[in-house]
2 protein chains.
Amino acid sequence: MNKIFTSALMFAAMSVSAYAQDIKEDFKPSSKNQPGQEYPMVNSQGYGRFRVVAPDAKSVVCTLGLGGAKGGTELTKGEDGVWTGTTAAPMDEGFHYYHYIIDGGVFNDPGANNYFGSCRWESGIEIPAHDAEFYAERDVPHGNVQQILFWSKETNCLRRAFVYTPPMYGKDPQKKYPVLYLQHGWGEDETAWSNQGHANLIMDNLIADGKIEPFIIVMTYGMTNELKWGHMHEFDIKPFQTVLCDELVPYVDSHFQTIADKKYRAMAGLSMGGMETHTITLNRPEMFSRYCILSGGIYKPEEIKDKSQVDLIFISCGSKEGPERVKGAVDELQKAGFNAVSYVSEGTAHEFLTWRRSLYQMAQILFK
Amino acid sequence: MNKIFTSALMFAAMSVSAYAQDIKEDFKPSSKNQPGQEYPMVNSQGYGRFRVVAPDAKSVVCTLGLGGAKGGTELTKGEDGVWTGTTAAPMDEGFHYYHYIIDGGVFNDPGANNYFGSCRWESGIEIPAHDAEFYAERDVPHGNVQQILFWSKETNCLRRAFVYTPPMYGKDPQKKYPVLYLQHGWGEDETAWSNQGHANLIMDNLIADGKIEPFIIVMTYGMTNELKWGHMHEFDIKPFQTVLCDELVPYVDSHFQTIADKKYRAMAGLSMGGMETHTITLNRPEMFSRYCILSGGIYKPEEIKDKSQVDLIFISCGSKEGPERVKGAVDELQKAGFNAVSYVSEGTAHEFLTWRRSLYQMAQILFK
């Protein structure tokens, strides 16, 4: 596990400015709210406003924001018994996980949708990004996200993955597609890249705009949730590596119209999924030829035994995650003769806007 | 809206016996828990046991069970600040929605998975059913549940549906399948039949056991959530009817290997989805030839103008929902010359075990 993302995660969802400013009263419901729910709200500056009905509660703290002595936003109770609060500073653009501490217990916001992160279904809020159009719900042809269930001998259970198939998939039974295996981070699961990441919408829009040739994306659970935070070094890659390389890849190649060839098979992952990508691509060089790490470490030239087996290395992170290390690593890889590309997401930290943007960039060069 | 399911819903999740009995201490985590969560638990008799960490809370009530003066199970605080409680009586087999009232506010159980019901993401718990094998996760070929997104001119937005495609779907591009359009109930959405209903597992097992020929199932949102409970009579079927018949059916017929013929197209729905089925099949007799209502009313012979256009009517409910009305209606339909079948789920009320079993029965006669 590398320092870049353990430290970066601590600062996820931090304010872009700690200085007080006039708060614009143009709050709207977050796009991640449950149907018909007004709260939580966000304004055009990135402030979040929260509301909780719990008339007999002693204390309600939202884990987002840095305003309170308790490390989040302390809500205050009005005469109507309703708790409200606004973050002390704007939040970064993009998606943030959060929950409430109510009377000393951990609870979700009844107004927000739930997203699996930190090994639990958390609440989620969205600060509209200035470049959100690349994952907008547009009137263009849409691909499908297919839940597949495959029996795993390695783990003796039924396992789940989601497979993005592009628009027009299946129309021509002869057509074969490249495949990207795309991993979530620690504490997340196979739902993350569609729900929080909008991977399918990013692909649909790229294809509609003629920016990429269609490919398939496979997202499965990386078995990272048995670990407590801070114990990453104890992670045993073997069970997941076997499930991925020896069970899931063969299942996908036999059930979908794939090009079953490592030249057209990529692996990518965010955060701890980047560590898994790093380990598995090096352990099993016969499986993938395109390696992508998003906010999850780097490759060093000397780690890769046979340069001719690697067609692309893509490494990215947010500008708030110490991007020098990413850029430096890619420089070294380029000097050593690798086809290596770096990308830095401006103004973002260890959060999903970094990874949505990374996928958008990565997809455009992945199978070229 | 008919009385059968409004009254039945009130008694959902009621105890099978109000008499006290010895509680067996064989509690196990509910199968619907979040990963690694011990609570909520259920025992072999159907008792539920709950646990909430909220040391400073004044009051914690679980909406399941009838033990407390507040209409649920009142939890009590231990010296460790942890609230615990056990239902005063066993619950029915199957799936139950619930939430907590904590200090006067509505919150989900941090230990349980979330299921969309009552117009919100609720907590869910599962009392193991004696016949649960028909939706078990077995080592058999599994079909996929495909999320599709289609642009709707009627509602000017991107809409979502889930499409179950059986194992082997797509292997033979010439093969065409019948299609069932399957609706959720009031307060639920397009995720209900897969998440709470296990429709895909029911189908996989039926197909693996050679009990049915494969067909496709399409599940979309019935637009029932804008209504407050008790205002069903204000529901305007038109927008949903147009989306379903004039947008979704054409989309599915053009994107999947369907038999695009009303002889091989069925509509079914549970509870308010049954009312939608009733209305739409009668309004648009050219669309469907097989009509199925699950705990959501009946058909009367005189409602159907042209008997020759209807190949099957299936009506079901739980034994605790007043099944005489369902049986009586089917008797009348049979006397009038319809191919009508009734089914009563033993020992269940207006809940998902009734509907899982109904799908299991219905699927075996649907396209025969």
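Predicted model, so just to flag it, every value in this text is computed and none were measured.

## Focus: the environment of Val163 of chain A
All names here are of chain A.
- Relative to the helices and strands, Val163 is located in strand 13 (residues 157-165).
- A relative accessible area of 0% places Val163 in the buried class.
- Those residues in contact with Val163, other than ones at most four positions away along the chain, are Asn144, Val145, Gln146, Ile148, Ile216, Ile217, Val218 and Phe256.

## Thoughts on the relation of the copies chain A and chain B
- Take chain A, turn it by 180°, move it 0.0 Å along the axis, and it overlays chain B with an RMSD of 0.0 Å. Seen this way, the second copy is the image of the first under a two-fold rotation axis. Taking C-alpha positions as the reference, the residue of chain A nearest the rotation axis is Gln146 of chain A, at 2.0 Å.
- When you check the interface residues of chain A against chain B, 100% turn up at the interface there too, and the contact is symmetric in its surfaces.

## Points about the nonpolar core
- Judged by nonpolar contacts, the single largest core of 48 residues is most densely connected at Tyr181, Val218, Leu248, Phe288 and Ile313 of chain A.
- Once residues lying within four places of it in the same chain are set aside, the contact partners of Tyr181 of chain A are Val218, Leu244, Leu248, Val249, Val252, Arg265, Ala266, Met267, Ala268 and Phe288 of chain A.
- In terms of nonpolar packing, the next biggest core, distinct from the first, is built from 47 residues, Val163, Val249, Ile298 and Ile313 of chain B among them.

## Here's the deal with the pattern of salt bridges
- According to the stated counting rule, one finds 28 salt bridges over all chains in the structure shown.
- Between Asp253 of chain A and Arg265 of chain A there is a salt bridge, with its nearest N and O atoms 3.0 Å apart. With Asp253 of chain A in helix 4 (residues 238-255) and Arg265 of chain A in strand 16 (residues 265-270), this residue pair connects regions lying 12 residues apart in the sequence.
- Given the relative accessible area of 21%, Asp253 of chain A is considered partly exposed.
- In this structure, Asp92 of chain B engages Lys320 of chain B in a salt bridge whose closest nitrogen and oxygen atoms are separated by 2.7 Å. Pair noted here: Asp92 of chain B is in the loop between strand 7 (82-86) and strand 8 (94-98) and Lys320 of chain B is in the loop between strand 19 (312-318) and helix 6 (323-335), with a separation of 228 residues, a long-range link.

## Some remarks on the sheet that holds strand 7 of chain B
Residue and element names in this part refer to chain B.
- The sheet built from 5 strands is open, its strands ordered 1-2-3-7-6 with antiparallel pairing. Either end of the sheet is taken by a strand with one partner, and the two such strands are strand 1 (28-29) and strand 6 (76-77).
- In terms of strand pairing, strand 1 meets strand 2 (residues 41-42) through 2 bridges, oriented antiparallel. The partner of Lys28 across the bridge, within strand 2, is Val42.

Basis of the calculations
Residues numbered from 1 in each chain as written. Chains lettered and ligands numbered in written order. Predicted model: local features only at pLDDT ≥ 70, side-chain atom pairs only at ≥ 80, totals over all residues. Heavy atoms only, no water. Helix = DSSP H or I, 4+ residues; strand = E, 2+ residues; numbered from the N terminus. Buried < 20%, exposed > 50% of the residue type's maximum accessible area, 1.4 Å probe, protein only. Contact = heavy atoms within 4.5 Å. Least-squares fit on C-alpha atoms with pLDDT ≥ 70 in both. Core = buried A, V, L, I, M, F, W, Y, C linked by side-chain atoms within 4.5 Å. Salt bridge = Lys/Arg side-chain N within 4 Å of Asp/Glu carboxyl O. Pairing = 2+ DSSP bridges.

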